[in-house]
Amino acid sequence: MRRKAVFAAVLAALLAAGTAPARVTYAMTFKDVPAGHWAEKYIDAVTNKGVITGDLSGSFRPDALMDKFEFSRVLAKLSGYKYADANEAEKAAQTAAYAKYANFIKLYSNKFKLWNTNYDQEIAYLLNKGALLEEDLNKFVITTDGDMAEKIMAVTKEELCVFLARVYGKDAAANGYVTAYLFKDDASITAKAKPYVYYFRSLGIVGGDSDNFNPRQYATRAVSAVVVAMAMSVFAPDAVVVTPPASPASVPSPSPSVPAVTSNPPAAVPQVSVVTGAILKIFQAGRAIQITSANELYNNKILLVPDAADIKVAGQAAAFADLREGQTFTGVASDVEITQISVTSAAAPSPSPSQTPIVVPGAPQTISGATLSDKGYDPTDGAPVLTVTLADGTERNYRFAAQASLRRGSAAVKTWTDLRIGDALTMVVQNDAASSVSATGIRSTVDVTVKEIHITDTFSKITAYDANNAKQTYTIIPGMADPYAEGVRVGSRLRLTLDSLEIEKITPLAKTDSAQGSVTAVGSASVTVKPVSPANAAPRTISLDRNTVVIDSERGAVVSSGAIYVGDQVYVVVTGGVAKTITILAE
């Protein structure tokens, strides 16, 4: 394992330094990837394994964007999807995945003319594996504002990190990763992708360009090849065939039109700066501070404070625990560390108009007229955090003190998680912590159409439109409702029983179920199926309509209902008594 780790580190270092291994001749070469191309070896690595391929003209098209359909095929191959060489068990798994999601995917192929059905099998496989989420499909094809023209979307740099982490089963590792380093354009990284980006940066898989990550920049095929090859080198080293030479040859830098994906800046030449500023936030568990400074390189940046750091308060030697939020200081910073800190004042700085201070200084104060807009955990130390919208419309995070008093309505509440998003709040707060919370909620029901589903280990959410076409996100109360058990999909019509804006109960307005068995009769507008279990189950007659989709699993194609015969083995998805999909498993 140590040899593999060293190999990955060497490959990352080569990428960071703008160098690449000497050219190795493979069977596959491309007329548009000349010797010395900046991404040559990474393109060689992925094409040699068949993960990303060129076209029939012998071109790789390195500067072309990697659209999401193409990248879903890359992800499918990395996830184990097989083509002609699949064994019977693999074929069955792939067939079952397609049968499970075919109806869902067809919602998109019916909606968009540019939806590429050639990739439906792989997309279903990835949905079943969890490498793609149902909400991801909303961004494969979009309609532009104004003329409503359709556009196939390319994968972005931050999405490369998210999708590849899921493929390699690194969801938990990414979401649990805490970094003290921030890209200059950290605010541009979407909240969901942020832990994945910094986790991949820590492994040397991706890095920045002039300390910016450019998270929403579309990835070219060359950039995608680099990131995929780097991910393979870290998570599946045996699959990477490039061997770094002892003296790597230098190659030209990428052309300005091609976004550069580099690893972390070489640590051998750190930039040392004298920094004057103020401590904005202290991360005790991570032994780090976030600062404000006139030095643009370090303003609003999180810096590690090493054990050997020279810390002084009022001219006296001090410890990290003696630092306080709001103190002004002069220090010496090097890359992502601050090695010297001399506290000069305990006064809190005046924030610039573009910054909102995390700390609320002064004595305890009472806040009324606020609304709970979200709840979660501080990624640095796991402390509970309430996100509150104040009466003036501003949003602020408050840590929830361990011994805080808590009431909801007329009763004491056991834990802060029993507060409901949408509750009206009255709070007593000091600095960034809530010591007392009184909440009031409202119970209601609402009929909605599902737009997005986001399932997590903590607070899962459904975004939906109500009868007035108003969009709202609802949080599912853990243990109270299970969207998968209810067969909820994007486009589902639901009745939600709510406590404030959290879901207690999900009631499908059109109940979805399924049947699997042998066809015993076929009519002009119905099919009768004898279920395989239980053994004594009575035959079930299921209606067909013009929207019923029939899939021949052996051919991998949509067929007419006339292709169904008595004796066929089928799997039927039923909504409101009508077959939505019928998958012919065997004739």
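No experiment lies behind these values; they were computed from the predicted model shown. (Residues numbered from 1 in each chain as written. Predicted model: local features only at pLDDT ≥ 70, side-chain atom pairs only at ≥ 80, totals over all residues. Heavy atoms only, no water.)

**Q** What is the right way to read the sheet that holds strand E18 (residues 443-454) from this model?
**A** Strand pairing within a sheet occurs via backbone hydrogen bonds; the two strands may be parallel or antiparallel. As summarised here, the arrangement of the 5 strands in space is E18-E19-E20-E22-E21, forming a closed barrel in which the pairing is mixed. Across the sheet, the axes of successive neighbouring strands diverge by a mean angle of 55 degrees, strand direction being ignored. The pairing of strand E19 (residues 461-465) with strand E20 (residues 471-476) spans 5 bridges and is antiparallel. Considered in E20, the bridge of Ile 462 is made with Tyr 474. (Pairing = 2+ DSSP bridges. Helix = DSSP H or I, 4+ residues; strand = E, 2+ residues; numbered from the N terminus. Axes fitted to C-alpha atoms, helices over the stretch in contact; angles between N-to-C directions.)

**Q** So what exactly am I meant to see when it comes to the confidence of the model for the protein here?
**A** Any region with low pLDDT has predicted coordinates that should not be read closely. Per-residue pLDDT for the protein has a mean of 78; in total, 82% of the residues score no lower than 70. With pLDDT under 50 throughout, residues 240-270 is counted as low confidence; its partners more than four residues away or in other chains account for 70 contacts. Across residues 347-362, where pLDDT falls below 50, the model places 31 contacts with residues more than four positions away in sequence or in other chains. (pLDDT = per-residue confidence, 0-100. Contact = heavy atoms within 4.5 Å.)

**Q** Got a minute to help me understand the nonpolar core in this structure?
**A** The tendency in soluble globular proteins is for nonpolar side chains to be buried side by side. Ranked by size, the top nonpolar core spans 79 residues in total, and within it Phe 71, Trp 115, Ile 123 and Leu 137 carry the most contacts. Among the elements of the structure, helix H2 (40-48), helix H3 (68-79), helix H4 (88-111), helix H5 (120-129), helix H6 (157-167), helix H8 (194-202), helix H9 (221-235) and strand E26 (549-552) are those that each provide at least two residues to this core. At 11 residues, the largest contribution of residues to this core is made by H9. If we ignore the near neighbours within four places in the chain, the residues touching Ile 123 are Phe 69, Ser 72, Ile 105, Trp 115, Leu 132, Leu 137 and Phe 140. Membership of the second largest hydrophobic core comes to 20 residues, among which are Ala 370, Ala 404, Ala 434 and Phe 459. (Core = buried A, V, L, I, M, F, W, Y, C linked by side-chain atoms within 4.5 Å. Buried < 20%, exposed > 50% of the residue type's maximum accessible area, 1.4 Å probe, protein only.)

**Q** Would you mind showing me how to read the packing of H3 against H9 here?
**A** Pairs of packed helices are described in terms of their axes, by the angle between the two and the distance that separates them. Running from N to C, H3 and H9 cross one another at 15 degrees; their axes reach a closest spacing of 12 Å. With respect to H9, the element H3 is oriented roughly parallel. Pair H3 / H9 crosses with right-handed handedness. Across the interface between the two elements, Glu 70, Phe 71, Val 74 and Leu 78 of H3 pack against Arg 221, Val 228 and Met 232 of H9. Looking at the contact of H3 with H9, its residues break down into 5 nonpolar, no polar and 2 charged. (Parallel < 35°, antiparallel > 145°, perpendicular 65-115°, else oblique. Left-handed = near helix turned anticlockwise from the far one by under 90°. Nonpolar A, V, L, I, M, F, W, Y, C, P; charged D, E, K, R; others polar.)

**Q** When you look at H5 in this model, what are you seeing that I'm missing?
**A** Count 3.6 residues to each turn of an α-helix, and residues three or four apart come out pointing the same way. Judged by how many residues are buried, H5 sits mostly within the fold: 7 of 10 residues are covered. Residues of H5 that are buried include every one of Asp 120, Glu 122, Ile 123, Ala 124, Tyr 125, Leu 126 and Leu 127, and no others. Where H5 is buried, its residues touch H3 and H4. Count one or two residues on from H5 and you reach Gly 130, which has phi positive near 90 degrees.

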